[in-house]
Amino acid sequence: MEKSYQQYLEDYLQSFVNLSSEELTLFRSQLSIREYAKKDFFFESGEIQKKMGFVCKGLLRRYYINEKGKTITTGFVKENEYATDYPAFIQQRPSKYYMECLEPCIIIELAYDDIQVGYTNFKSHERYGRLIAEKVLTIQTDRVESFLFDTAEQRYLNFIKDNPGLINRISLTHLSSYLGIERQSLSRIRSKIAKK
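The following refers to the structure shown. For every chain, the first residue of the written sequence is number 1, and numbering continues from 1 onward in sequence order. Given that the model is predicted, a residue must reach a pLDDT of at least 70 before its local features are reported, and side-chain atom pairs must reach 80 or more before they are shown or counted; all residues, however, enter totals for whole chains, interfaces and linings. Side-chain numbers here rest on the full set of heavy atoms in the structure, without hydrogens or water.

A pair of strands is considered paired only if DSSP assigns at least 2 bridges between the two. A helix here means a DSSP run of H or I that spans at least four residues, while a strand means a run of E at least two residues long, and both kinds are numbered starting from the N terminus. Read from one edge of the open sheet, 4 strands run β2-β7-β4-β5, paired in antiparallel fashion. Only two strands of the sheet have a single partner each, and these edge strands are β2 (41-43) and β5 (71-77). With strand direction ignored, the average angle separating the axes of adjacent strands in the sheet is 30°. Note that β2 and strand β7 (residues 98-101) share 2 bridges and pair antiparallel. Looking at β7, one finds that F41 is bridged to E100. Working rule for contacts: check all heavy atoms of both residues, and any pair within 4.5 Å makes them a contact. Axis definition: a line fitted to C-alpha atoms, over the contacting stretch in the case of helices. Angles run 0 to 180 degrees between N-to-C directions. Sitting on the sheet, helix α7 (residues 172-179) is in contact with β4 (60-65) and β5, with an inclination near 95° to β5.

Put into structure tokens, the structure is as follows:
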């Protein structure tokens, strides 16, 4: 049975166990929830992202278009992850990325201005902000380091290990772009692993 918007919000609020009832009341009042269709954009390159998104249901892809017009996938955002270009969001500067829904999505949204109100009024909000920032930063750092230290095959194996079930939800084209290898090379890696 499909969850109601209220259930999604309540489930999300469960992760903020240390908030007082006053803080929780303010926080709940700041949250909105929205549905996006497949191929909708959560934000686009050149836009200032006004809202942080928490994915309740669905899958998004973050990408940019390079100077040659080629689309480069830099990440996927699935359930229970934050949809954001965090450095641009925090500085309220235009993003260089597109965040596109690969599936219909249900996303809880929290406006930048409301986040700042929470930071100003409650110490615990700053803590949660830091934890979100650390999570986003770790994902981005792991990706950069994988290009520096791992082979293409190792990047693929790590992706499978870290994202169980995701392989069936994304195209090989998007995955090969994310891993930084040609699609044919990815197919060779996959068949080699299948024979082991």
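Right, picking up where we left off after that structure.
Once that is clear, we can look at the sheet that holds strand β1 (residues 31-36). If you walk across this open sheet you meet the 4 strands as β1-β8-β3-β6, and the pairing is antiparallel. Lying at the two open borders of the sheet, with one neighbouring strand each, are β1 and β6 (82-83). Pairing geometry for β1 and strand β8 (residues 105-111), over 6 bridges, is antiparallel. From the neighbouring strand, I33 faces β8, where its bridge partner is I108. Sheet strands in contact with helix α2 (residues 21-30) are β1 and β8, and its direction is about 30° off that of β1.

The next point concerns the environment of D40. In this fold, D40 is placed in the loop between β1 and β2. Each C-alpha atom of the pair D40 and T25 lies 31 Å from the other, and the pair is 15 residues apart in sequence. For D40, the contacting residues outside a window of four places in its chain are M99, E100 and C101. Whenever a nitrogen or oxygen atom comes within 3.5 Å of another N or O atom, the pair is scored as a polar contact, on the condition that within protein one atom can donate a hydrogen and the other can accept it, and that pairs from neighbouring residues in sequence are kept only if both atoms are in side chains. A polar atom in the side chain of D40 sits 2.8 Å from the backbone nitrogen of A37.

Attention shifts here to the packing of helix α6 (residues 152-162) against helix α8 (residues 183-195). Following both chains from N to C, one finds α6 and α8 inclined at 70°, their axes separated by 10 Å at the closest point. Taken together, the axis directions place α6 and α8 in an arrangement best described as roughly perpendicular. With respect to the hand of their crossing, α6 and α8 are arranged in right-handed fashion. On α8, the residues that touch A152, E153, Y156 and L157 of α6 are L186, I189, R190, K192 and I193. Residue polarity is assigned by list, with Asp, Glu, Lys and Arg as charged and Ala, Val, Leu, Ile, Met, Phe, Trp, Tyr, Cys and Pro as nonpolar; anything else, Gly included, falls into the polar class. Class assignment for the residues of the contact of α6 with α8 results in 6 nonpolar, no polar and 3 charged. The labels follow the angle: roughly parallel below 35 degrees, roughly antiparallel above 145, roughly perpendicular from 65 to 115, and oblique for the rest. Should the near helix be turned anticlockwise from the far one by less than a right angle, the crossing is termed left-handed; should it be turned clockwise, right-handed.

Our focus in this paragraph is the packing of aromatic side chains. To pair, rings of Phe, Tyr and Trp, with the six-membered ring standing in for Trp, must have centres within 6.5 Å; the planes then decide the type, stacked if under 30 degrees apart, edge-to-face if over 60, and tilted in the middle. On inspection of all chains with the given rule, the structure shows 14 aromatic pairs. Taken together, a centroid distance of 5.4 Å and an interplanar angle of 55° make the contact between F76 and Y178 tilted. Residue F76 is found in strand β5, and its partner Y178 is found in helix α7; the two are separated by 102 residues along the sequence. For the pair F76 and Y178, one class covers both residues: buried. Geometrically, a charge over a ring is one whose NZ (Lys) or CZ (Arg) sits within 6 Å of the ring centre while staying within 35 degrees of the ring normal. The ring of Y63 is capped by R61, whose NZ or CZ atom sits 4.1 Å from the centre of that ring. Exposure classes here rest on a 1.4 Å probe applied to the protein chains alone. A residue is buried below 20% of its type maximum, exposed above 50%, and partly exposed in between.

Before going further, it helps to examine unusual backbone geometry. Look at N80: it is not a glycine, yet its phi comes out positive at around 65°. Here N80 is to be found in the loop between β5 and β6. Positive phi, close to 50°, is recorded for Q92, a residue that is not glycine. Tracing the backbone through its elements, the reader meets Q92 in the loop between α3 (86-91) and β7. By relative accessible area, Q92 is classed as buried at 18%.

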